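Spelled out, the chains give:
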Amino acid sequence: QVQLVESGGGLVQAGGSLRLSCAASGSIFSINLMGWYRQAPGKQRELVATISNGGSTNYADSVKGRFTISRGNAENTVYLQMNSLKPEDTAVYYCKAIVVPATARGLFQYWGQGTQVTVSS
């Protein structure tokens, strides 16, 4: 089994910054991709940013230039640096990983439990 644990959410004023962290643990052979998604009340979950094991990144247009995704020195960690936050960034942020487990063949998708980010105006 694989677990993803997020941290770093909270309440911040518009224009402020937060840094989210996500650590994957468990029976992992390799991680192909890690990413962040978010879901605001009444809306569908949407992509924020992803990073591949090769370092390629992908961002939603709404966060380009403000958010930066990166992998930690420990391969199983991912960060999301969020700057110039806006009230519309308010959402629950979820970490996702595409994993090759150590004990099974194929790719499996795992989600974290989510962390709340609230941006006040």
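Scroll up to find the structure.
Computed from a predicted model, the values in this text were never measured in an experiment.

1. Considering the state of the cysteines
Logical step 1: The final tally for this structure, using the stated rule, is one disulfide.
Logical step 2: With its sulfur 2.1 Å from that of its partner, cysteine 22 forms a disulfide with cysteine 95. Because the sign of the S-S torsion sets the handedness, a value of about -80° for the bond joining cysteine 22 and cysteine 95 places this disulfide among the left-handed ones. Of this pair, cysteine 22 sits in strand E3 (residues 18-26) while cysteine 95 sits in strand E9 (residues 91-101), and the two are 73 residues apart along the sequence.
Logical step 3: We classify cysteine 95 as buried; its relative accessible area is 0%.

2. Structural notes on the pairing of strand E11 (residues 115-120)
Logical step 1: Judged by which residues are buried, E11 turns out to be one-sided: Thr115, Val117 and Val119 face inward and are buried, whereas Gln116, Thr118 and Ser120, on the alternate face, are not.
Logical step 2: Here four bridges tie strand E2 (residues 10-13) to E11, and the two strands are oriented parallel to one another. Residue leucine 11 lies in a different strand from E11, and its bridge partner there is threonine 118.
Logical step 3: Note that E9 and E11 share three bridges and pair antiparallel.

3. Quick look at the environment of isoleucine 51
Logical step 1: Note that isoleucine 51 resides in strand E5 (residues 46-52).
Logical step 2: Of the residues examined, isoleucine 51 reaches a relative accessible area of 7% and is grouped as buried.
Logical step 3: Each C-alpha atom, one on isoleucine 51 and one on isoleucine 69, is 6.8 Å from the other, the two residues being 18 residues apart in sequence.
Logical step 4: The residues contacting isoleucine 51, other than those within four sequence positions of it, are Leu33, Met34, Ser56, Thr57, Ile69, Ser70, Arg71 and Val78.

What counts, and where the lines are drawn
Residues numbered from 1 in each chain as written. Predicted model: local features only at pLDDT ≥ 70, side-chain atom pairs only at ≥ 80, totals over all residues. Heavy atoms only, no water. Disulfide = S-S within 2.5 Å. Helix = DSSP H or I, 4+ residues; strand = E, 2+ residues; numbered from the N terminus. Buried < 20%, exposed > 50% of the residue type's maximum accessible area, 1.4 Å probe, protein only. Pairing = 2+ DSSP bridges. Contact = heavy atoms within 4.5 Å.

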